[in-house]
Amino acid sequence: MTRPFTQGSTDPTVQPVPASVVERVDAADSTLQNPKRAVVSLGANLGNRLETLQGAVDALEDTPGIRVKAVSPVYETEPWGVEPGSQPSYFNAVAVLKTTLPPSSLLERAQAVEEAFHRVRDERWGPRTLDVDIVSYAEVRSDDPQLTLPHPRAHERAFVLAPWHDVDPEAELPGRGPVAALLDEVTRQGVTQRPDLELRLPE
Ligand SMILES: Nc1ncnc2c1ncn2[C@@H]1O[C@H](COP(=O)(O)OP(=O)(O)OP(=O)(O)O)[C@@H](O)[C@H]1O
Ligand SMILES: Nc1nc2c(c(=O)[nH]1)N=C(CO)CN2
C-alpha cells in the first residue's frame, strides 16, 4: 500500500517539498490546463528564406505543447540596426501560437529550431538563416536577460509590428499598448509586403 505524502511523515527518507518547487509545479499544472497565447517573430536573410520560414512554422507546429493558430503575410525588409547595404534583405513574418509550454521551454524550442536551420551566432544582428524571437507570452513581463518579455525591441520594429497587426489588428504588446498605435510611431520604410509569397498554416 502506498501512503500519501504528508509533511509530518515518519519516513526519514521523505523530505518536505520546498515551497518554490510546489509553486513551480502548480504553475506548470495550471498552464497545462490553460494554454497561453504567444507571438513569435520569424526572420531569415541567408539561404532559401521562404523555405526556411515555412520550415520554422512546421517545426513549431510539430512540437508537443505548441499549436500554430495563425501565420502572417510575408514581408521583405531592410536589415534593421546595421549599416544600410551591409546585409541581404530579410523575409519576416509573425506566428501566433497557443502553448502549454512555459516561457523558458518555448525559448529552448525556438533556439532548437534556429539551430536546426544552421543558425550561427557570431556578431550581434549578424546575417542569419533563421531568427525566432519570442515577442510576447500572454501578459507576462520579465526583464530577465535570458528571456525578456515582451521582446525589448519589438515595439520599435516595423518588421514585427506590421505582420503582427495583419494577423491580429486588435493585438496589444503588454506594457506598451495597441500594436496599431505602435505601428503609427515607427517608420514602415523598407518594410514591404510580398503578396506573391505565402506561408502555409500547418493542417
Ligand atoms: N524575447 C526573447 N526572445 C528570444 N531571445 C531572447 C528574448 N529575450 C532575451 N533573449 C535572449 O537573447 C539572446 C540573443 O538572441 P539572438 O541572438 O536571437 O538576438 P538577436 O536576434 O541577434 O537580436 P535581438 O534580440 O535584437 O532580436 C538569446 O540567447 C536569448 O537568451
Ligand atoms: N529587417 C530585419 N532586421 C533585423 C532582424 C529581422 O528579423 N529583420 N532581426 C534582427 C535581430 O533579431 C536584426 N535586424
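These figures come from a predicted structure and were not determined experimentally. (Residues numbered from 1 in each chain as written. Chains lettered and ligands numbered in written order. Predicted model: local features only at pLDDT ≥ 70, side-chain atom pairs only at ≥ 80, totals over all residues.)

A. View of the overall build of the protein chain. Looking only at helices and strands, the protein chain features 5 helices and 10 strands. Its C-alpha atoms put the protein chain at 70 × 35 × 35 Å along the principal axes. By residue count, 33% of the 203 residues in the protein chain fall in the buried class. For the protein chain, contacts bridging at least 24 residues in sequence account for 70% of all contacts bridging at least 6. (Helix = DSSP H or I, 4+ residues; strand = E, 2+ residues; numbered from the N terminus. Buried ≥ 20, exposed ≤ 12 C-beta atoms within 10 Å, placed from the backbone. Contact = placed C-beta atoms within 7 Å.)

B. Highlighting the nonpolar core. V40, L53, A56, L60, A93 and A95 are the most contacted members of the largest nonpolar core, which totals 45 residues. Counting only elements with at least two residues in this core, the list comes to β1 (36-44), α2 (49-61), β2 (66-71), β4 (90-99), α3 (103-116), β5 (131-137), α4 (158-167) and α5 (179-185). Here the element with the most residues in this core is β4; it accounts for 7 residues. (Core = buried A, V, L, I, M, F, W, Y, C linked by C-beta atoms within 7 Å.)

C. Summary view of the site of ligand 1. Around ligand 1 lies a shell of 13 residues, among which D133, I134, Q146, T148 and H151 are the nearest. For the shell around ligand 1, the secondary structure elements donating two or more residues are β5 and β7 (147-149). Grouping the amino acids of the shell around ligand 1 by side-chain chemistry returns 5 nonpolar, 3 polar and 5 charged. (Near = placed C-beta within 6 Å. Nonpolar A, V, L, I, M, F, W, Y, C, P; charged D, E, K, R; others polar.)

D. Representation of the environment of V140. When you line up the elements, V140 lands in the loop between β5 and β6 (142-144). What makes V140 partly exposed here is the crowd of 15 C-beta atoms within 10 Å. Between the C-alpha atom of V140 and that of A38, which follows or precedes it by 102 residues, the distance is 9.9 Å.

E. Representation of the site of ligand 2. Around ligand 2, a shell composed of G43, T77, E78, P79, W80, G81, Y90, N92, W125, D131, D133 and F159 is seen. Of all the elements in the fold, those that place two or more residues in the shell around ligand 2 are β4 and β5. Grouping the amino acids of the shell around ligand 2 by side-chain chemistry returns 5 nonpolar, 4 polar and 3 charged.

F. Just the UniProt feature "domain: 7,8-dihydro-6-hydroxymethylpterin-pyrophosphokinase" (unreviewed entry) in the protein chain, in detail. Listed under "domain: 7,8-dihydro-6-hydroxymethylpterin-pyrophosphokinase" (unreviewed entry) in the UniProt record, and renumbered for this structure, are residues 124-135. Regarding residues 124-135, the helix share stands at 0% and the strand share at 42%, and the terminal C-alpha atoms are separated by 18 Å. (UniProt positions renumbered as here; feature names shortened; annotations may be inferred.)

G. Just α4, in detail. Of all 10 residues in α4, 7 are buried; the element is thus mostly enclosed. Among the residues making up α4, those that are buried are A158, F159, V160, L161, A162, P163 and W164. Residues of α4 that are buried sit in contact with β1, β3 (75-77), β4, β5, α5 and β10 (191-193).

H. Summary view of the pairing of β5. Among the 7 residues of β5, 6 are classified as buried, and the element is accordingly described as predominantly covered. Strand direction decides the pairing type here: β1 and β5, joined by 6 bridges, are antiparallel. Counterpart to L42 in the pairing with β5 is V132. (Pairing = 2+ DSSP bridges.)

I. Region of interest: unusual backbone geometry. Here the amide bond leading from L149 into P150 is cis, since omega sits at -15°, within 30 degrees of zero. Its place among the elements puts P150 in the loop between β7 and α4. One non-glycine residue, A138, lies in positive phi territory at about 45°. A residue is classified by how many C-beta atoms lie within 10 Å of it, and A138, with 16 of them, is partly exposed.

J. α2, seen in detail. Between the first and last C-alpha of α2 there are 19 Å, a value that for 13 residues agrees with the 18 Å anticipated at 1.5 Å per step. Regarding α2, the residues found buried are R49, T52, L53, Q54, A56, V57, A59 and L60. Next to the buried residues of α2 lie β1, β2, β4, α3 and β5. (Expected span 1.5 Å × (residues − 1).)

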